Amino acid sequence: MDHHPTNWGRPRNDTVDPYGTYPIHQRPTNVPKDAFAAGIQHTQQPIVTGTSVLGIKFKDGIMMAADNLASYGSLARFRDIQRLHPVGEHTVLGAGGDMSDFQYIQGILDELMIDEFAAGDGHTLGPAEVHNYLSELMYARRSKMNPLWNSLLVGGFKDGKRFLAYVDLLGTTYSASTLATGYGSHIAQPLLRRAVEGREDTLTEDEARKILEQSMQVLFYRDARSLDQYQIATITAKGVNISESRKLETSWSFAEGIRGYGAQTQ
Amino acid sequence: MTSIGTGYDLSASTYSPDGRIFQVEYANKAVENSGTAIGLKVKDGVVLAVEKLVHSKLLVPGANRRIQTVDRHIGLATAGLPADGRTVANRARDEAAGYRDFYRSPPTLKTIADRIGHFVQMYTLYSSVRPFGISTILGAVDKDGPALGYHGAAVGKGRQLAKTELEKLKLSELTAREAVIEAARIIYLVHEDAKEKEFELEMSWIGPETNGLHVAVPKDLFDEAEAKAKEALVSGLE
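The rules behind each value
Residue numbers here run from 1 along each chain, matching the order of that chain's written sequence. Each chain is given a letter, starting from A, and each ligand a number, starting from 1, according to the order in which they appear as written. Residues qualify for local features only when their pLDDT is at least 70, as the model is predicted, and side-chain atom pairs are given and counted only at 80 or more; totals for whole chains, interfaces and linings, by contrast, use all residues. Hydrogens and water molecules were not included; the side-chain quantities draw on all heavy atoms of the structure. Helix numbering and strand numbering both begin at the N terminus, where a helix is a DSSP run of H or I of at least 4 residues and a strand a DSSP run of E of at least 2. Atoms counted for the radius of gyration: C-alpha only. Globule rule: 2.2 Å times the number of residues to the power 0.38. Here, residues are in contact when the closest pair of their heavy atoms is within 4.5 Å. Each accessible area is a Shrake-Rupley estimate made with a 1.4 Å probe; only the visible protein chains count as cover when residues are assessed. Residues counted as positive are Lys and Arg, residues counted as negative are Asp and Glu, and His and the chain ends are not counted. For this purpose, a charge sits on NZ of Lys, CZ of Arg, CG of Asp or CD of Glu. Here's how the labels work: a residue is buried when its accessible area is under 20% of the maximum for its type, exposed when over 50%, partly exposed in between, all with a 1.4 Å probe on protein chains only. Identification of polar contacts relies on pairs of N or O atoms within 3.5 Å, with a donor-acceptor requirement for protein atoms, meaning one able to donate a hydrogen and the other able to accept it, and with residues adjacent in sequence counted only if both atoms are side-chain atoms. UniProt positions are given in the numbering used here, feature names are shortened, and annotations may be inferred rather than shown by experiment. One side-chain nitrogen of Lys or Arg within 4 Å of one carboxyl oxygen of Asp or Glu is enough to make a salt bridge. Summed over both partners, the accessible area (1.4 Å probe) lost when two parts come together is defined as the buried area. Any residue with relative accessible area above 30% and no salt bridge may belong to a patch, with like charges joined within 9 Å and the nonpolar Val, Leu, Ile, Met, Phe, Trp and Tyr side chains within 5 Å. Pairing between two strands requires that DSSP report at least two bridges joining them. Residue-level confidence of the predictor is what pLDDT reports, using numbers from 0 through 100.

Novice: It is not clear to me how the overall build of chain B should be interpreted in this structure. Could you clarify?
Specialist: Helix and strand counts for chain B come out as six helices and nine strands. Taken over the C-alpha trace, chain B has a radius of gyration of 18 Å; the compact-globule value for 238 residues is 18 Å, and the two agree within 12%. Its C-alpha atoms give chain B principal-axis dimensions of about 55 × 50 × 35 Å. Taking the contacts inside chain B whose residues are at least 6 apart along the sequence as the reference set, 66% of them involve residues at least 24 apart. Split by element, the accessible area of chain B, about 12400 Å² in all, is 54% carbon and sulfur. In chain B, which carries 30 positive and 32 negative side-chain charges, the distance between the mean positions of the two groups comes to 3 Å.

And the structure:
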């Protein structure tokens, strides 16, 4: 309600002054105040994107994998992007979806971890706290109709406990002994379940790595937005280890027989 | 005190007839009544140590910390009013976070010290605020290596004696580990046992063993340093 006397009995938003009432004094305007704020756009779609992230539980902790590609549409634009990000001593964050939003999230988490460090109270944030923080962040942003366009996996190991959970642009969360985001949730998740479920407490680190390698290979064959270079993160009682970039072994000889790919025989 | 009741000590923007600003003098008094704080910049790191006078037996050990962390690699020790120390530390944290947000890199000690200097000075300019009753030592290991602004610094009650002790050391040749031992010795030395009540030693460091982080000195080294400090005190009396 506008209580200003000079606006009484007037239509709102009149840009002209038909009765020549100026100058009495400056009348407050009823037009939107900040033309720039009106120009702010909310995220409608991701631009530079990463594809699947995989995560599994194994005997000693959590293992995660993501390739090094950031696509611009269907163009394989950036081939050296790390999509597994350490958060403190116990946690790794893996991201699919918009890579600029992922970088923004990294910045927020970095500041959060510094605040916690500066408090110096002897406590540190573990994977459960980081995941809960992210779920609140993602849900708050989707509620502003301006989501951070990612699907995230949070994996970690703290106080003798494994943690693996998912959160996405809607603020949806769930947890399981195998998780995959994006295309991987269709292609790799069934493979991971068959290999891991029921064996979480017996799988060795080598076996877990083998499972992820095979899943990443299948994803590279099937997912047109994937790359054969990827990294593996291992989180155990010893802390976080994110591997150097590794290359998948693939064989494309079968492709010769595919009509439309190899030399045409008829 | 002669200044009280004259009306000249009500504001930091009022001079007394003989050209003094009492509010600034009060601030210095607050520092002089506080336990000593020292900082040592050595070959491979920085050590901060504080003589924290314990005013009441009811206080839990470790309460009212006077060494605080500003950023991963920056520490801050104060002498004076504890609450003012926390205000300045909070501002320093905000500045460090702001620097990181703007420049996307960890702040150097120099920029943080500059900004805190400006912040503190602003509180000497207006009648609506009083000056901070603290002296502050900032220490860091940043991209240019260990940083303190000085090789050694001392503030608070025992600063004169602490400074002469610091001058006797070859600070640029010490390791951080050796500096912790020396810092504990100096704090124990400057503490006036007869006059003062109990005190708690508080020490933090940034060095190769801390991975460039500002953290409390680990318990084993702390105990070693404290034992040696007490030993040195006894042998010094003989």
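The rest of the description comes next.
Novice: What am I meant to see in the side chain of Thr 91 of chain A here?
Specialist: Following the sequence through the fold, Thr 91 of chain A ends up in strand E7 (residues 91–98). Contacts of Thr 91 of chain A, omitting those with residues within four sequence positions, involve His 85, Pro 86, Gly 126, Pro 127, Val 130, Val 154, Gly 155, Gly 156 and Val 240 of chain A.

Novice: How should the environment of Ser 204 of chain B be read in this particular structure?
Specialist: All names here are of chain B. Structurally, Ser 204 can be placed in strand E8 (residues 199–206). Looking at Ser 204, the relative accessible area reads 3%, which means it is buried. For the pair Ser 204 and Thr 69, spaced 135 residues apart in sequence, the C-alpha to C-alpha distance is 9.5 Å. Apart from the residues within four sequence positions on either side, Ser 204 is in contact with Val 46, Val 47, Leu 48, Ile 67, His 214, Val 215, Ala 216 and Val 217. A distance of 2.7 Å separates the side chain of Ser 204 from the side chain of His 214, its partner in a polar contact.

Novice: Looking at this structure, how should I read the UniProt feature "domain: Proteasome alpha-type subunits" (unreviewed entry) in chain B?
Specialist: Mapped onto the present numbering, the UniProt feature "domain: Proteasome alpha-type subunits" (unreviewed entry) falls on residues 8–30 of chain B. Here residues 8–30 of chain B is 39% helix and 0% strand, with 18 Å between the C-alpha atoms at its ends.

Novice: Is there a simple way to explain the side chain of Glu 51 of chain B in this structure?
Specialist: Position of Glu 51 of chain B among the secondary structure elements: in strand E2 (residues 45–53). No salt bridge is formed by the buried Glu 51 of chain B. Its closest oppositely charged neighbour is Arg 66 of chain B, at 6.4 Å.

Novice: Explanation requested: the interface of chain B and chain A in the structure shown.
Specialist: Size of an interface: often given as the accessible area lost when the parts come together. At the junction of the two partners, chain B supplies 11 residues and chain A supplies eight residues. Both sides of the chain B and chain A interface together cover about 770 Å² of buried area, and 56% of this is carbon and sulfur. Contact with chain A buries surface across chain B, with Arg 65, Thr 69 and Arg 72 of chain B losing the most and accounting together for 52% of the total. Remark: the boundary between chain B and chain A carries two salt bridges. The salt bridge partner of Asp 110 of chain A is Arg 100 of chain B, with a shortest N-O separation of 4.0 Å. Viewed at the interface, chain A and chain B are joined by three residue pairs in polar contact (both at pLDDT 80 or more). Where the side of chain B that touches chain A is concerned, the elements lending two or more residues are strand E3 (67–71) and helix H2 (82–103) of chain B.

Novice: What is the right way to look at a nonpolar patch on the surface in this model?
Specialist: All names here are of chain A. A cluster of nonpolar side chains, Trp 252, Phe 254, Ile 258 and Tyr 261, forms an exposed patch at the surface whose accessible area comes to about 440 Å². Relative to the elements of secondary structure, Trp 252 occurs in the segment after strand E14 (246–247). Owing to a relative accessible area of 36%, Trp 252 belongs among the partly exposed residues under this scheme.

Novice: What should I look at first to understand the pairing of strand E3 (residues 61–67) of chain A in this one?
Specialist: Walk down a regular strand and you will see the side chains alternate between the two sheet faces. Residue and element names in this part refer to chain A. Counting buried positions along E3 yields seven of seven residues, so the element is predominantly enclosed. In terms of strand pairing, strand E2 (residues 53–58) meets E3 through six bridges, oriented antiparallel. Counterpart to Ile 56 in the pairing with E3 is Met 63. Between E2 and E3, which pair antiparallel in sequence order, lie two residues. Bridge count between E3 and strand E12 (residues 229–236): six bridges; the pairing is antiparallel.

Novice: Would you mind going over unusual backbone geometry with me for this structure?
Specialist: Negative phi values dominate among residues other than glycine, just as trans dominates among peptide bonds. For Arg 104 of chain B, which is not glycine, the phi torsion reads 55° and is therefore positive. Within the element layout of this structure, Arg 104 of chain B appears in the loop between H2 and helix H3 (109–122).

Novice: Please explain the confidence of the model for chain B as it appears in this structure.
Specialist: Confidence along chain B averages 94 in pLDDT terms, with 98% of residues attaining 70 or more. Reported for the predicted complex are a pTM of 0.87 and an ipTM of 0.92.

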